[in-house]
Every structure is written in structure tokens, then in C-alpha cells.
Amino acid sequence: MEKLDLLYVGKAKKVFKTEDENLCIFEYKDDATAFNGEKKGSFDGKGIINNQIANIIFKLLEQDGIKTHFIKELSKRETLVKKVDIIPLEVIVRNISAGSFCKRYGIKEGIIFDTPTLEFSYKEDSLGDPLINDYHAVALKIATREQIEEITELAFKINESLIKIFDNIGIRLVDFKIEVGFDKDKNIILSDEISPDTCRLWDKETNKKLDKDQFRLELGEFASVYNEVYGRFLEKYPNI
Ligand code: TMP
Ligand code: ASP
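Residues numbered from 1 in each chain as written. Chains lettered and ligands numbered in written order. Predicted model: local features only at pLDDT ≥ 70, side-chain atom pairs only at ≥ 80, totals over all residues. Heavy atoms only, no water.

Trainee: Explain the sheet that holds strand β1 (residues 6-9) here, please?
Mentor: Within a sheet, adjacent strands bond to each other through the backbone by hydrogen bonds, running parallel or antiparallel. Strand order in this open sheet of 5 strands is β1-β2-β3-β7-β6, and the pairing throughout is antiparallel. This sheet does not close on itself; its edge strands, each paired only once, are β1 and β6 (70-73). Going across the sheet, the axis of each strand differs from the next one's by a mean of 25°, ignoring polarity. Set on the sheet, helix α1 (residues 46-63) makes contact with β3 (23-28), β6 and β7 (78-82); between it and β6 the angle comes to about 130°. (Pairing = 2+ DSSP bridges. Helix = DSSP H or I, 4+ residues; strand = E, 2+ residues; numbered from the N terminus. Axes fitted to C-alpha atoms, helices over the stretch in contact; angles between N-to-C directions. Contact = heavy atoms within 4.5 Å.)

Trainee: Looking at this model, I keep getting lost on the site of ligand 1. Mind explaining?
Mentor: In the neighbourhood of ligand 1, 14 residues make up the surrounding shell, with Arg94, Ser100, Asp175, Lys177 and Arg200 lying closest. Between an oxygen atom of ligand 1 and a side-chain N or O atom of Arg94, the distance comes to 2.9 Å. Arg200 places a side-chain nitrogen or oxygen 2.9 Å from an oxygen atom of ligand 1. The fraction of the free accessible surface of ligand 1 (450 Å²) that becomes covered by protein chains is 78%. Mapped by element, the contributors of at least two residues to the shell around ligand 1 are β9 (89-96), α2 (99-105), β12 (171-182) and β14 (199-203). Residue composition of the shell around ligand 1, grouped by class: 4 nonpolar, 3 polar and 7 charged. (Near = heavy atom within 4 Å. Polar contact = N/O pair within 3.5 Å; in protein donor to acceptor, adjacent residues only side chain to side chain. Areas by Shrake-Rupley, 256 points an atom, 1.4 Å probe, with all protein chains shown as cover. Nonpolar A, V, L, I, M, F, W, Y, C, P; charged D, E, K, R; others polar.)

Trainee: Hey, could you run me through α1 in this one?
Mentor: Residues lying three or four places apart along an α-helix face the same way, a consequence of the helix completing one turn every 3.6 residues. Between its first and last C-alpha atoms α1 spans 26 Å; for 18 residues at 1.5 Å apiece the expected length is 26 Å, and the two agree. Counted residue by residue, α1 has 14 buried out of 18 residues, so it is predominantly covered. Following α1 by one or two positions, Gly65 has its phi on the positive side, about 85°. (Expected span 1.5 Å × (residues − 1). Buried < 20%, exposed > 50% of the residue type's maximum accessible area, 1.4 Å probe, protein only.)

Listed below in C-alpha cells is the structure:
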């Protein structure tokens, strides 16, 4: 399958049309941004690592019965995916306090929640992806009440699977962001990517941050922790 017209350029990847109107090709870039694009960086090979980590995770989630856009890895940087009509929500699930949750509510990092929590941001760069609640999402006609409930259930199910997947490689899943949308049959499926860009991942033994917080907070080990996570996946799942 060949890349045709460029459909969309995101902060960390490009999306191309293909000859099949129901399929797209993702090409992961080496770029990183944070704080709504204000902070910019990159490292050589980041796109290759994120593409391959995301694909391993999507395959493992599919094995757990979760419907994703994943079809086939085409190259180290490129993946064939189902075209998805993205619902403009960033769906964030948290197991442990960190990031904007700590800042917003004035609590310390590392508090383990009794049950996972979930929030939505309205995916609109010009507004800085503001936090919205489910009623607002319905009022804005971003999704129906039933769809919000389906997305919530799906996000918690993905959390259960991801906790196990990361636990198998010695990592605690602190929080993550997903994007979902409609496939050609109007089913809601998981899209975008799941990678160290979109999750907070702490080493189970040391609590070392193995994710994009290395870049956001300038902790000095951005490239090496992405390589570390990728290496652990390859070691645990060599034949996936
Ligand atoms: P936050 O604590 O900054 O709100 O982030 C929560 C989780 O969502 C964290 O794992 C990083 C991820 N995330 C994204 O993937 N994209 C984004 O634009 C933001 C704000 C967060
Ligand atoms: N990806 C978002 C941005 O570029 C935010 C983040 O991940 O921190 O701005």
C-alpha cells in the first residue's frame, strides 16, 4: 500500500491517504512538543520507537478483545491503519496523581487512587485543549450521552489491559491519553497512538520516569528512556 495525499500533519506524525478510502498510513516523526506546542524538541529515532511501541501495544490490546485501528506495520516508521473519524476528545485515565491533575488540585505526585479516574479534554489546539465534562461534550454535540458512556467503558477496559501489559515489563502505568473515533461501520474504536508520548510510565522498582516527562521537565534522559521501554517490550514480546 502506497502513501498518497497528505491528509493531516500532527505534532508527532503525518497521516496519508491511500488508494483505499477506508485506510490511512501513519508516518511517525522524531518531533516532540509539550505544553500545547510551546516547547519543541526531538531525538533521532523517536518516531521509529513510538511507531513500534504503539504497534506492539495495539496488538496486545487486540488480543484482549479491544478494537483498534491497527492493520499492519509497513516499515519502522509507517503503519497502515483504518481511517477513523476522530471524536475530538482527549480521554485521560489516571491511576496515580501526576501532571496537570496535581497542578489543578494542588496535590502531590504519586498518590494512588482507590479507583481509576477519567477526564475529557476538548481536542482543539486553538483553545489549548480545555478540560470539559460529559455534559459539555453532549451540549457541544461532540458525542451523544450513549457514546460518552461507551467511550468511558472502553477507556477503563483499556486501562485494565494496559496496566497488565506494562506490569509485565516492570512498569507502573500512572496515566495515559487515548483518542477514539468511528470506523467505516460507525463502531467506536481506539485510534491515534499509545506510546511514552501519551502515557506516564514509572519503573516499578525505582519510580524513574520512563516517558515524555523526561522532555517536559528536562530531566535529561529523553531518548534513553524511550529506548529502555522499547527494549523491554522486545525482550518480553520478541515474536509479536
Ligand atoms: P496531564 O497530566 O498533562 O493532563 O497528562 C495526562 C496524560 O495524558 C499524560 O500521560 C500525558 C498525556 N497527554 C497527551 O498524550 N497529550 C496531551 O496533549 C496531554 C495534555 C497529555
Ligand atoms: N502533546 C501536547 C503538546 O504538544 C502536550 C503534552 O503532551 O504535554 O502540546
